[in-house]
Each structure stands twice: as structure tokens, then as C-alpha cells.
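Each chain, letter by letter, is given below.
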Amino acid sequence: MYVSRSGKVVIKGVPVMDNGADSFHDGLVRIVRNGKYGFANRAGQVVIPTIYDGAMNFENGSAAVCNDCQTSREGEHHFFSGGDWFRINI
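Residues numbered from 1 in each chain as written. Predicted model: local features only at pLDDT ≥ 70, side-chain atom pairs only at ≥ 80, totals over all residues. Heavy atoms only, no water.

Colleague: Got a minute to help me understand the environment of Asn89 in this structure?
Modeller: With respect to the helices and strands, the residue Asn89 is situated in strand 12 (residues 84-89). Taking the C-alpha atoms as reference, Asn89 lies 12 Å from Met56; in sequence the two are 33 residues apart. Discounting residues that sit within four places of it in the chain, Asn89 has contacts with Ile48, Phe58, Gly61 and Ser62. (Helix = DSSP H or I, 4+ residues; strand = E, 2+ residues; numbered from the N terminus. Contact = heavy atoms within 4.5 Å.)

See the structure below:
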């Protein structure tokens, strides 16, 4: 979750990475709603809908996303496996 300095929640559903909220990459942050991944901008607007079963962060204008992949955890580590992977652009 990202909160403004005034205490207003700006972005909900940000996954936890390394004991804190996932960070922005290429101006977007991953969000999760109803178990599906998408991306929001710094204003909190969903710019890529939450329709993917998994997503990696954007890098150089594109991100790897998957459908039908599984989410797994080992201790603090979170990863995706299987499914159909492809890239999306901003």
C-alpha cells in the first residue's frame, strides 16, 4: 500500500517484497486484486488491468506476465512457475 504524506491511501493492493511495498519500475507498480496482477501509476490509477495470474516488474518499457501460472513461497521468497508467459508494453 502506498500512502500520501497526508495519510490518504493512494494505491491499495501493492504486494510485499523484501519486507516492504513493491517499488515502482518505469513509473508503474504491481498491484493485486482478487488474486490477479496488474499495474498502477504514481497517482494510483490502474493503467494495466488486474487480469494476469502473475507479473514481473516493468523494465525498459515491458514486463513479463503470465496466465495459468502458480504462485509459490519459500520463506520470504515469492515466485511464479508454469503457465503461459508473454511480454506486455506500457
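Still more ground to cover, so stick around.
Colleague: Would you mind going over the sheet that holds strand 5 (residues 28-33) with me for this structure?
Modeller: Ordered in space as 5-6-7, the 3 strands form an open sheet in which the pairing is antiparallel. Sheet topology places strand 5 and strand 7 (46-52) at the edges, where each strand pairs with a single neighbour. On average, each strand axis in the sheet is tilted by 20° relative to the strand beside it, whichever way the strands run. Sheet analysis places strand 5 next to strand 6 (residues 36-41), joined by 6 bridges and oriented antiparallel. The residue of strand 6 that forms the bridge with Arg33 is Lys36. (Pairing = 2+ DSSP bridges. Axes fitted to C-alpha atoms, helices over the stretch in contact; angles between N-to-C directions.)

Colleague: Looking at this model, I keep getting lost on unusual backbone geometry. Mind explaining?
Modeller: In terms of backbone geometry, most residues other than glycine have negative phi values and most peptide bonds are trans. With phi around 55°, Asp26 is a residue other than glycine that occupies positive phi space. For Asp68, which is not glycine, the phi torsion reads 65° and is therefore positive. Taking relative accessible area as the criterion, Asp68 reaches 56% and is therefore assigned exposed. (Buried < 20%, exposed > 50% of the residue type's maximum accessible area, 1.4 Å probe, protein only.)

Colleague: Looking at this structure, how should I read the packing of aromatic side chains?
Modeller: Each aromatic ring pair is described using two quantities: the centre-to-centre distance and the angle formed by the ring planes. The tally for this structure, following the rule as stated, stands at 4 aromatic pairs. Residues Tyr52 and Phe86 carry aromatic rings whose centres are separated by 5.9 Å and whose planes lie at 65° to one another, so their mutual orientation is edge-to-face. Here Tyr52, found in strand 7, pairs with Phe86, found in strand 12; they are 34 residues apart in sequence, far enough to count as distant. Taking relative accessible area as the criterion, Phe86 reaches 33% and is therefore assigned partly exposed. Geometrically, the ring pair formed by Phe80 and Trp85 is edge-to-face, given 6.2 Å between the ring centres and 65° between the ring planes. With relative accessibility at 14%, the residue Phe80 sits in the buried group. By relative accessible area, which is 38% here, Trp85 ends up partly exposed. Joined through ring pairs, the aromatic side chains of Tyr37, Phe80 and Trp85 make up one cluster. Lying across the ring of Phe24, Arg42 places its NZ or CZ 4.2 Å from the centre. (Phe/Tyr/Trp six-rings, centres within 6.5 Å; stacked < 30°, edge-to-face > 60°. Lys NZ or Arg CZ within 6 Å of the ring centre and 35° of its normal.)

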